[in-house]
Amino acid sequence: MPPVTKPGLDKYDVVFIGGGSGGVAGSRRAASYGAKVALIEASEKLGGTCVNVGCVPKKIMWHAADIADKIRHAEGYQFKGPGIGAPQFNWATFKPQRDAYIRRLNGIYDNNVAKEGVELHHGFARVLSPSSVQVTRPDGTAYTLNTDRVVVATGGRPTVPSEDEIPGAALGINSDGFFDLEQQPKRVAVVGAGYIAVELAGVLHTLGSDVTMLIRGETVLRTFDPTIGETLTSWMKHTGVNFRHGAHVKKVEGEKGGELTLHLESGETLKVDTLIWAIGRHANTEGLGLEELGVKLDKKGNVVVDEWQETGVAGINALGDVAGKALLTPVAIAAARRLANRLYGGEKYKSDKLSYDDIPTVVFSHPTIGTVGLTEPEARKKYGDENVKICTSSSLLLPAASPR
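Residues numbered from 1 in each chain as written. Predicted model: local features only at pLDDT ≥ 70, side-chain atom pairs only at ≥ 80, totals over all residues. Heavy atoms only, no water.

Help me understand the layout of surface pockets in this model?
Empty space among the atoms becomes visible once a probe the size of a water molecule is rolled across them. Its boundaries defined by the atoms lining it, the second largest pocket holds a volume of some 610 Å³. As for the second largest pocket, its lining consists of 18 residues, of which Thr227, Ile228, Thr231, Ser393 and Ser394 are closest to the centre. At 5 residues, helix H7 (residues 226–239) tops the list of elements feeding residues into the lining of the second largest pocket. For the lining of the second largest pocket, a count of residues per class yields 9 nonpolar, 7 polar and 2 charged. (1 Å grid on protein atoms, 1.4 Å probe; cavity = no way out; pocket = protein on both sides within 12 Å on 5 of 7 lines; lining within 4 Å. Points joined across faces, edges and corners; volume = space filled by probe spheres on them. Helix = DSSP H or I, 4+ residues; strand = E, 2+ residues; numbered from the N terminus. Nonpolar A, V, L, I, M, F, W, Y, C, P; charged D, E, K, R; others polar.)

Structure follows, in structure tokens:
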């Protein structure tokens, strides 16, 4: 069902702003309890970052890379025939196939929202008050939704240095742009050491690109347990990913789509076909009108909320990536559903809320990483060195230890 072009009701019980994982999950759950729900999405596609330029297409690319890796090891398991040991991946024909799968998911999201009776609005939202939200449609026309409550779930977007910070920075792309690449780049520089940088670098390298990671420190994944970062960095180097430690990009020269020259503060240069900025993300809070209403934002622009997803302004909640805590799709979904349960699910859900402790996390690196709980430094800080015992064990992945 296409988005409506005007309000279908005089007043809603709740308006969700943002049609990503949190907004869709929360609006559907609230509607399932009989609440009158509106959902506002600025783009033409539901699903947010995860479905369109995040988890889902990333995992598709990871699986393609994983298959390539297995083909390389297949000869050691006595597989024979053309291509064994030397996979040939066609990025140009795979991308449309991947994109078609994403479009199918967009349609499923549209249908699910419609089935629950959520009223979908296409446009940019601005919160005028805790009881009114303005929707400005792509054609410039605007109308106002009246509501008892507003839930902000607008997510975030990749951070890219400004031209003032790094001249030529705009010649690079971010993680969104990675999914727009029509051809596989031969030489790639990835700036950043977080999980997005690691995942994109791993996919590109495993599919055959020459990848250089530019990181400030000695290891990747510095917010994870040190053992994880040290182990993965060592393995990535072993498999052929290039590293420049202590690297700071000073300037980028070249033309978009052509060869780029990265000038580093050390005086070194690096020539690549594609530069990917993977230096973090920031919240989509600009233009929402939140600060004018007294909603507090932190220095990164994240909406400050308490354990109940309350902003401190009665009638305005926020959840998911826009709240800046545990930026994971299942977290946004869980927080949204628990909020809807508490607000509209009756007495048995009156205390329902999401616990942000011990959230399992997976990094789609090569190999993949799974982790949950405190890191070693966090455990030592919380419980004291004398109360922490570290046990370690290591083994080689079986495909990499083929019985030859």
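Read on, since the account is not over.
I would appreciate a short explanation of the packing of helix H3 (residues 55–74) against helix H6 (residues 195–206) in the present structure.
How two helices pack is summed up by the angle between their axes together with the distance between the axes. Viewed as axis vectors pointing N to C, H3 and H6 meet at an angle of 40°, and their least axial separation amounts to 9 Å. Looking at the two axes, H3 sits oblique to H6. Along this stretch, H3 crosses H6, giving a crossing that reads as left-handed. Residues Lys58, Met61, Trp62, Ala65, Ala68, Asp69 and Arg72 of H3 touch H6, and the partners they reach there are Glu199, Val203 and Thr206. (Axes fitted to C-alpha atoms, helices over the stretch in contact; angles between N-to-C directions. Parallel < 35°, antiparallel > 145°, perpendicular 65-115°, else oblique. Left-handed = near helix turned anticlockwise from the far one by under 90°. Contact = heavy atoms within 4.5 Å.)

Sorry, what's going on with the pattern of salt bridges here?
Where charged atoms from two side chains of opposite charge come close, those side chains can pair. Summed over all chains, the structure comprises 18 salt bridges. In this structure, the salt-bridge partner of lysine 11 is aspartate 148, at a minimum N-O distance of 2.9 Å. Of this pair, lysine 11 sits in the segment before strand S1 (14–17) while aspartate 148 is found in the loop between strand S6 (142–146) and strand S7 (150–152), placing the two residues 137 residues apart along the sequence. Its relative accessible area of 44% is what places aspartate 148 among the partly exposed residues. A salt bridge links aspartate 385 to arginine 380; its shortest N-O distance comes to 3.7 Å. Ionic contacts of the salt-bridge type, sharing partners, join the residues Lys95, Arg98, Asp99 and Glu182 into one network. (Salt bridge = Lys/Arg side-chain N within 4 Å of Asp/Glu carboxyl O. Buried < 20%, exposed > 50% of the residue type's maximum accessible area, 1.4 Å probe, protein only.)

Just checking my understanding: could you explain the side chain of lysine 58 for this structure?
Note that lysine 58 resides in helix H3. Looking at lysine 58, the relative accessible area reads 14%, which means it is buried. When residues no more than four places from it in sequence are discounted, the contact partners of lysine 58 are Phe179, Glu199 and Phe364.

How do you make sense of helix H1 (residues 21–32) when you look at a structure like this?
Since there are 3.6 residues in each turn of an α-helix, residues three or four apart along the chain are aligned in direction. In this model H1 runs 17 Å from its N-terminal to its C-terminal C-alpha over 12 residues, within 8% of the 16 Å that 1.5 Å per residue would give. The buried count for H1 comes to 9 of 12 residues, which makes it a mostly enclosed element. Contacts from the buried residues of H1 go to S1, strand S2 (37–41), helix H2 (48–53), helix H4 (91–115) and helix H8 (329–344). Downstream of H1 by one or two residues, glycine 34 has phi in the positive range, about 95°. (Expected span 1.5 Å × (residues − 1).)

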